[in-house]
Amino acid sequence: LLKLDGTAVDVDVRCESIDHGGERGFLLALTDLDWSSAHDLAIERLNRLYAALAHVNQAIVRMPTRQDLFQSVCDALVEQGAVRMAWIAWKSEDELEELLPVAACGDDGGYLNGIRIFTNDTPAGNRPANTAFRQGRPFVCNDTLADLDSLPWSAEIARQGYGSCASFPIRMGGSVSGVLNVYASDAGFFQQDEITLLSAAAADISFGLDNILREQEQQKSDVVRANLMMETHDLRSAIDQHALVAITDPRGKITFAN
């Protein structure tokens with residue numbers, strides 16, 4: 001079939017005989033196969049991201065440490081979410097204030113070994129992760145090779161086969177402390193539905209981190225309370241051992257014994 005602009009498209013043609021007011025007619029349905037295929041692919045992609053999000057929620061409940069949680073999230077996004085690579089950056093505590101990779105999955109080409117990301121507003125730090133961290137909101141690049149900010153790294157991006165990427169801030173205690181970074185092979189991967197789901201994943205990670213913090217603080221409080229009770233018990237035992245006990249005999253004489 002030819003479109004108005006002269007380009008050819010593949011269509012699925014379905015024809016059905018109908019009776020219209022006693023006259024025989026035909027109902028013709030044309031479906032753009034390219035659109036249908038793209039629509040099916042988008043549905044499959046969303047279903048896989050939903051599955052990945054379910055694994056993220058399970059990890060929040062099961063994982064006892066921050067590192068375990070981060071790695072489980074990255075694994076779920078790659079293995080269930082159909083993305084090419086996922087990694088989490090965390091702000092360093094030194095004066096350089098770098099965003100350091102602390103967990104990753106799918107980095108088979110060693111992309112993370114050759115990058116340095118800073119939290120300040122400099123050309124060296126001008127990456128999706130840096131922008132998401134500083135602005136505290138998702139940053140999406142749906143065509144990495146056409147992105148001017150990515151030009152210094154375009155050769156490596158092309159070698160790795162990353163067509164699009166997106167970064168989502170992770171908060172701990174209300175402040176942005178890290179970034180969830182997701183890379184896809186296809187350009188245009190991150191549409192509104194994908195962005196919404198991945199934003200929810202980052203929010204769930206933030207919730208999980210706050211839970212881990214609360215549990216750690218509770219554990220510290222329990223340890224302090226237990227130590228205090230033990231010290232109190234030891235002190236009482238020591239007092240009991242050295243206390244003088246007043247004894248009155250039948251004649252009214254008072255004596256003291258340990």
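Residues numbered from 1 in each chain as written. Predicted model: local features only at pLDDT ≥ 70, side-chain atom pairs only at ≥ 80, totals over all residues. Heavy atoms only, no water.

## Some thoughts on the sheet that holds strand β5 (residues 139-141)
In step 1: Strands sit in the order β4-β3-β7-β6-β5 across an open sheet of five strands; the sheet is antiparallel. Each edge of the open sheet is held by one strand with a lone partner, namely β4 (99-105) and β5. Averaged over neighbouring strand pairs, the angle between their axes works out to 20° when direction is ignored.
In step 2: Here strand β3 (residues 85-91) pairs with β4 via six bridges, running antiparallel. Each bridged residue has a counterpart across the sheet, and for Lys91 the counterpart in β4 is Leu99.
In step 3: Against the sheet, helix α3 (residues 128-135) contacts β3, β4, β5, β6 (164-172) and β7 (175-184), and its axis sits at roughly 145° relative to β7. (Pairing = 2+ DSSP bridges. Helix = DSSP H or I, 4+ residues; strand = E, 2+ residues; numbered from the N terminus. Axes fitted to C-alpha atoms, helices over the stretch in contact; angles between N-to-C directions. Contact = heavy atoms within 4.5 Å.)

## Section: the nonpolar core
In step 1: One finds Leu69, Leu77, Leu180, Phe190 and Ile205 to be the most contacted residues of the largest nonpolar core, which totals 37 residues.
In step 2: Secondary-structure elements contributing two or more residues to this core are α1 (33-62), α2 (66-79), β3, β4, β6, β7 and α5 (192-242).
In step 3: A per-element tally of this core places α5 first, with eight residues.
In step 4: Leaving out residues up to four positions away in the same chain, Ile205 has contacts with Ile60, Leu69, Phe70, Val73, Ile88, Ile170 and Leu180.
In step 5: Counting residues in each nonpolar core, the second largest holds 18 residues, with Ile115, Ile117, Trp153 and Ile157 among its members. (Core = buried A, V, L, I, M, F, W, Y, C linked by side-chain atoms within 4.5 Å. Buried < 20%, exposed > 50% of the residue type's maximum accessible area, 1.4 Å probe, protein only.)

## Brief notes about the side chain of Thr119
In step 1: Within the secondary structure, Thr119 is located in the loop between β4 and α3.
In step 2: If sequence neighbours within four positions are ignored, Thr119 has contacts with Lys91, Glu97, Glu98, Leu99, Asn130, Phe133 and Arg134.

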